Amino acid sequence: MRDFAVSDSPAVQQQLDRLAALSLPQGRIGLGPVRELLSRLGDPHLSLPPVFHIAGTNGKGSTSAFLRAMLEAGGLRVHQFTSPHLVRYNERIRLAGSLIPDADLANVLREVLDVGEDIGASFFEITTAAAFLAFARTPADACVIEVGLGGRFDATNVIEHPACCAIASLGMDHERFLLAPENGAPTHPLARIAFEKAGIVKPGSSVVTQAYPPEAQSEIERAAMVAGAPLHMRGADWDATAADFIAYRDRHGELTLPLPTLPGAFQALNASLAVAMIRHQDRISVTSEAMAQGIRAAHWPARLQWLGEGPLTAGGARLLLDGGHNPDAARVIADYLAGLGEPVHAVVAMLAAKDARGYLGPLAPHLASLTAIPVPDGHEGHQPEALAAIAAKLGIESRHAGTLGEALANLPEGEPVLIGGSLYLAGEVLRANGELPD
């Protein structure tokens, strides 16, 4: 799958056009192309400040946001690499606390594309190499790097000696890519997902995880044992509970931490995973006060985000935005909707490769209606008529519309509206409401 991008900067757009023209790798897996690309660039990934590497199906983005906020609250300069972007490609690369400037972005993309023309590298491989090149050239104290897809063959997995690795929550997503038959790989779907995510485990580097069902836990335990990596799993080596505050505990002692300002009860566990990462490595020191400050300050757009004042919310519209697009994400959203205590309408678009029935099923009991719309241009999505039909079979009053504006115009005034099912749709919504991630 290719991530399309546009920029107001002509210099950046020139390089993004080159990225968009890259052919998609057909059946190619492995880290060979990105390693060759980085070699031609002088191996910038080998000269980064301490790296915190995060994989997972859901929650890895929020965990990275909490971790960066904690490190920065401790006075540290932090690079961050995340994907996908929502509105601007620059969101993927944060240099020492700020989104990469257009001039720097154009330069590193041009340099990487120029040296890699004959390699056949993918969009994400080029992007990863550009991020590492920018990171190596800008002083910082730490790097927070989010896996793009899977882990074992993700382009970010060239990092050799991370300060700490983490695996966030596990669930079913990207099955077409991660569940292809392979000799020696587990056949149980969740075990296979765990196998792929655990591919980021490195010898001697601590790996911190959430708690999982036995079939997934055994795969992660096996990967850590083979690599000789210290393993710290929630429920065994560390734990956290949340009510009026987060009660965190591990072998180092207990912490009382504030609840996140990010909506959703699950965010307390994502914040706790970030705390566990800091406390199970010895290359970066962060005080408990900085951890608390970071938990309160962390922001992660398009995850249960109530939109602020803007064109879409004019007139008092109450719009809740979430880019989650798999069944596990839907269960988290459903838990949040259940707590609102009032009817919720939904406007949904989904990529064709996503499990629409699995996503809509958990939401169905909490929705007063659903309006299906197309995925933004450039992406193959479920047809709105087909998506509405799936919703109707689940007992949801459903209809379809041609645009987001048309969908919102036909909904009752004053009642909350969930806009979800796609990060691409989320980006379109943030752009339309003038809320650009920074």
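You'll find the structure just up there.
Residues numbered from 1 in each chain as written. Predicted model: local features only at pLDDT ≥ 70, side-chain atom pairs only at ≥ 80, totals over all residues. Heavy atoms only, no water.

S.K.: Account for the overall build of the protein chain, naming residues and giving values.
M.R.: When its secondary structure is counted, the protein chain shows 15 helices and 17 strands. The C-alpha radius of gyration of the protein chain comes to 21 Å, within 12% of the 22 Å expected for a compact globule of 438 residues. Principal-axis analysis of the C-alpha atoms gives the protein chain an extent of 55 × 50 × 45 Å. Element-wise, carbon and sulfur atoms account for 51% of the exposed surface of the protein chain, whose accessible area totals about 17,400 Å². (Helix = DSSP H or I, 4+ residues; strand = E, 2+ residues; numbered from the N terminus. Rg over C-alpha atoms; globule rule 2.2 N^0.38 Å. Areas by Shrake-Rupley, 256 points an atom, 1.4 Å probe, with all protein chains shown as cover.)

S.K.: Please set out the side chain of Thr128 residue by residue, giving values where relevant.
M.R.: Structurally, Thr128 can be placed in helix α5 (residues 123–137). Here Thr128 is in contact with Phe81, Ala155 and Thr156, once residues within four sequence places are set aside. (Contact = heavy atoms within 4.5 Å.)

S.K.: So what's going on with the packing of helix α12 (residues 356–363) against helix α13 (residues 384–393)? Residues and values would help.
M.R.: Two elements in contact, α12 and α13, have axes whose closest approach is 10 Å; the angle formed by their N-to-C orientations is 45°. In terms of their interaxial angle, α12 and α13 are classed as oblique. The handedness of the crossing between α12 and α13 is right-handed. Facing α12, whose interface residues are Ala356, Arg357 and Leu360, α13 presents Leu387, Ile390, Ala391 and Lys393. (Axes fitted to C-alpha atoms, helices over the stretch in contact; angles between N-to-C directions. Parallel < 35°, antiparallel > 145°, perpendicular 65-115°, else oblique. Left-handed = near helix turned anticlockwise from the far one by under 90°.)

S.K.: Before we move on, could you go through the sheet that holds strand β14 (residues 344–348) and cite the residues and values that matter?
M.R.: Hydrogen bonds between backbone groups are what pair the strands of a sheet, and the pairing can be parallel or antiparallel. Taking strand neighbours across the sheet as the criterion, the six strands line up as β12-β13-β17-β14-β15-β16 in an open arrangement whose pairing is mixed. Looking along the sheet, the strands with just one partner apiece sit at the ends: β12 (305–306) and β16 (398–400). When strand β15 (residues 367–372) meets β16, the two strands line up parallel, connected through three bridges. When the bridges of β16 are listed, Thr371 appears paired with Arg399. (Pairing = 2+ DSSP bridges.)

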